[in-house]
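One letter stands for each residue in the lines below.
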Amino acid sequence: MKRITAIIIAMVMLMVGVCGCGSSSGGETTAAAGGSGGTDDNEHYTITCANKTDPGSYGPYGAGPSRLPYNNMLYETMVYVNVDKEAQNVLITGYEEVSDGVYEATLYDYIHDTAGNKITASDVVFSFEKAEESGFYANVLSSLKSIEAKDDYTVVLTFENEKDSDLLTVLSSINIISEAAWNASSDEMTHDCIGTSPYKIDSYEEGSYVDFVKANDYWQTDESLIADCSLSNIDTVKWVVIADSNAAAVSLENGEVDNVMAMDTADFHMFINEDNTPVEGYQASIQPHNLMYGMVFNCSENSVCGDENVRKAIATCVDNEALVANVLSGYGRVLGNYCNPAFADYDESFEHADDYYNYDVDAAKKFVEDSGYNGETIKMLVGGNGNCIAASVL
């Protein structure tokens, strides 16, 4: 039986974040992360951020958008690639291609983590091994044939069937840790985490909050060489869990939090004008997100969707453009391939949304007529994300 790709609703999500400006709490001056820090050494700058979920683990190797902001505060990769796909060196002075598909990356020779452990090429190899063992980086590492330590500060990466973007994807995806720190951790860095970033965990309460404090002994002392992802103008960053998007928006409006990492588009409109400029008193950003929404069919013989024509009928009776407009308020796009433009190796040639099961009620009716469907109940399992729930209702 011919299989059809089980992607109906494939929309690029946008990460929407909002910061309140000029707020204060507890007698401490607050500032939005990435803003200007204090000049008075006696002032302690604090920011409180809201996120929808507690990741459960702050370890260096895992998946999920809920974990990303915490990982970014604890760990560093060899290279950082920003939203404009511009690369900045973080742990390395640079890299060069020494032969076809073989690269040498040179580490700074003075890197140490927040526990004082020195980082060398063998730690990079160890980090890659742990990332591979986790099972979360199969796609990222699929083209990497091997990684070896040439000497204390040189890493050799050999690629197989390399694409242009493979090197930067690999260098910017794997968090680098000390093997000694991993072995010393009481819980494989689930909560006892040590990285090379300017921050470390001070305290946490599972499901409630986690406090990050500046380590004050960040290894990169040359400010001109600090990558954007490693700036540390805030002394304490407190992350609180607020599961409900509207509740997070209200907390921001009331000054209880200074930043909301991501919120549903319906709530985002509280802080952005019709021309997409922020409401006065707030900073708002819309950034490409690598999250995609799709519908996956149960193709087993025990499901009504085991019938190919039933699947095609469903695919052609969903108006994806309407979902983008009404669920995402236009902050998204319909995809014709399960590949997001935010991916490092995305290419416009992947797209064929114009002829990918377009909305066509007449065609859907014909597929139903040609199917074996006899009025059976079709059940849909929907994730807890507010946008998913709204899309399922529509």
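Residues numbered from 1 in each chain as written. Predicted model: local features only at pLDDT ≥ 70, side-chain atom pairs only at ≥ 80, totals over all residues. Heavy atoms only, no water.

**Points about the overall build of the protein**
So, point 1. Scanning the protein from N- to C-terminus turns up 11 helices and 15 strands.
So, point 2. Residue burial in the protein is summarised as follows: out of 394 residues, 45% are buried.
So, point 3. Across the protein, every contact between residues at least 6 apart in sequence was considered, and the portion connecting residues at least 24 apart equals 64%.
So, point 4. Carbon and sulfur atoms form 46% of the exposed surface of the protein, whose accessible area is close to 19,900 Å². (Helix = DSSP H or I, 4+ residues; strand = E, 2+ residues; numbered from the N terminus. Buried < 20%, exposed > 50% of the residue type's maximum accessible area, 1.4 Å probe, protein only. Contact = heavy atoms within 4.5 Å. Areas by Shrake-Rupley, 256 points an atom, 1.4 Å probe, with all protein chains shown as cover.)

**Quick look at the sheet that holds strand 8 (residues 102–107)**
So, point 1. Taken in spatial order, the 4 strands line up as 7-8-10-9 in an open sheet, and their pairing is antiparallel. Each end of this open sheet is capped by a strand with a single partner; those strands are strand 7 (92–99) and strand 9 (144–151). The sheet shows a mean angle of 20° between the axes of neighbouring strands, taken without regard to direction.
So, point 2. Of the strand pairs in this sheet, strand 7 and strand 8 are connected by 6 bridges, and their pairing is antiparallel. (Pairing = 2+ DSSP bridges. Axes fitted to C-alpha atoms, helices over the stretch in contact; angles between N-to-C directions.)

**Details of the nonpolar core**
For soluble globular proteins, the rule of thumb is that nonpolar side chains tend to be buried together.
So, point 1. Counting residues in each nonpolar core, the largest one holds 54 residues, and the members touching the most others are Phe128, Leu157, Phe212 and Val237.
So, point 2. With 6 residues, helix 2 (residues 121–134) is the largest single contributor of residues to this core.
So, point 3. Excluding its chain neighbours within four sequence positions, the residues that come into contact with Phe212 are Tyr70, Met73, Leu74, Tyr199, Lys200, Ile201, Asp202, Asp235, Thr236, Val237 and Trp239.
So, point 4. Counting residues in each nonpolar core, the second largest holds 14 residues, with Ala248, Ala249, Leu252 and Tyr331 among its members. (Core = buried A, V, L, I, M, F, W, Y, C linked by side-chain atoms within 4.5 Å.)

**Overview of the side chain of Asn175**
So, point 1. Looking at the element boundaries, Asn175 is found in the loop between helix 4 (166–171) and helix 5 (179–184).
So, point 2. One polar contact links the side chain of Asn175 to the main-chain carbonyl oxygen of Pro60, over a distance of 2.8 Å.
So, point 3. The residues contacting Asn175, other than those within four sequence positions of it, are Pro60, Tyr61, Asn71, Tyr75, Glu76, Thr77 and Ser127. (Polar contact = N/O pair within 3.5 Å; in protein donor to acceptor, adjacent residues only side chain to side chain.)

**Here's the deal with empty space enclosed by the protein**
So, point 1. Under the criterion given, the structure shown has 1 cavity of 30 Å³ or more.
So, point 2. Around the largest cavity, the lining residues are His112, Asp113, Thr114, Thr196, Ser197, Pro198, Ala215, Asp217, Tyr218 and Trp219.
So, point 3. Looking at the lining of the largest cavity residue by residue, the class counts come to 4 nonpolar, 4 polar and 2 charged. (1 Å grid on protein atoms, 1.4 Å probe; cavity = no way out; pocket = protein on both sides within 12 Å on 5 of 7 lines; lining within 4 Å. Points joined across faces, edges and corners; volume = space filled by probe spheres on them. Nonpolar A, V, L, I, M, F, W, Y, C, P; charged D, E, K, R; others polar.)

**A word on the confidence of the model for the protein**
So, point 1. When the pLDDT values of the protein are averaged, the result is 84; 85% of them are 70 or greater.
So, point 2. In this model, residues 1–16 is a region of pLDDT below 50 whose contacts with residues beyond four sequence positions or in other chains number 77 contacts. (pLDDT = per-residue confidence, 0-100.)

**A look at the pattern of salt bridges**
So, point 1. The final tally for this structure, using the stated rule, is 6 salt bridges.
So, point 2. Salt-bridge contacts for Lys214 lead to Asp235; the nearest nitrogen and oxygen are separated by 3.9 Å. Remark: Asp235 occurs in the loop between strand 12 (209–214) and strand 13 (236–241) and Lys214 occurs in strand 12; sequence separation between them is 21 residues.
So, point 3. Using a relative accessible area of 23% as the deciding quantity, one classes Lys214 as partly exposed.
So, point 4. Accessibility expressed as a relative area gives 18% for Asp235, which makes it buried. (Salt bridge = Lys/Arg side-chain N within 4 Å of Asp/Glu carboxyl O.)

**Some remarks on the packing of aromatic side chains**
So, point 1. Tallied over the entire structure, the rule returns 13 aromatic pairs.
So, point 2. Look at Tyr58 and Tyr70: their rings are 5.5 Å apart centre to centre, the planes differ by 75°, and that puts the pair in the edge-to-face class. Taken together, the residues Tyr58 in the loop between strand 4 (46–51) and helix 1 (68–74) and Tyr70 in helix 1 connect sequence positions 12 residues apart. This pair shows no difference in class: Tyr58 is buried, exactly as Tyr70 is.
So, point 3. Relative to Phe212, the ring of Tyr70 lies with its centre 6.3 Å away and its plane at 20°, an arrangement referred to as stacked. Taken as a pair, Tyr70 in helix 1 and Phe212 in strand 12 lie far apart in primary sequence, 142 residues in all.
So, point 4. Among the residues examined, Tyr70 registers a relative accessible area of 1% and is labelled buried.
So, point 5. By relative accessible area, Phe212 is classed as buried at 0%.
So, point 6. Chaining the aromatic ring pairs together yields one cluster made of Tyr58, Tyr70, Tyr204, Phe212 and Trp239.
So, point 7. Geometry around Tyr209 places Lys238 over its ring, the cationic atom sitting 3.9 Å from the centre. (Phe/Tyr/Trp six-rings, centres within 6.5 Å; stacked < 30°, edge-to-face > 60°. Lys NZ or Arg CZ within 6 Å of the ring centre and 35° of its normal.)

**A word on the environment of Asp235**
So, point 1. The sequence separation of Asp235 and Asn216 amounts to 19 residues, and the corresponding C-alpha distance is 9.0 Å.
So, point 2. The contact partners of Asp235, leaving out residues within four places of it in the chain, are Glu43, His44, Tyr45, Tyr199, Phe212, Val213 and Lys214.
So, point 3. A polar contact is formed between the side chain of Asp235 and the backbone nitrogen of Tyr45, at a distance of 2.7 Å.

**Digging into helix 8 (residues 308–316)**
So, point 1. Counting buried positions over the 9 residues of helix 8 gives 8, a clear majority of the element.
So, point 2. Within helix 8 the residues assigned to the buried category are Glu308, Val310, Arg311, Lys312, Ala313, Ile314, Ala315 and Thr316.
So, point 3. The inward-facing, buried residues of helix 8 contact helix 10 (361–370).
So, point 4. Of the residues flanking the start of helix 8, the one acting as N-cap is Asp307, its side-chain oxygen 2.9 Å from the backbone nitrogen of Asn309.

**Describing unusual backbone geometry**
So, point 1. Despite not being glycine, Lys85 has its phi angle at roughly 65°, a positive value.
So, point 2. With respect to the helices and strands, the residue Lys85 is situated in the loop between strand 5 (79–81) and strand 6 (87–89).
So, point 3. For Lys85, a relative accessible area of 44% corresponds to the partly exposed category.
So, point 4. You will see that Asn276, though not glycine, has its phi angle at about 70°, which is positive.
So, point 5. As for its placement among the helices and strands, Asn276 is situated in the loop between helix 7 (265–268) and strand 15 (282–292).
So, point 6. Note on Asn276: relative accessible area 43%, which makes it partly exposed.

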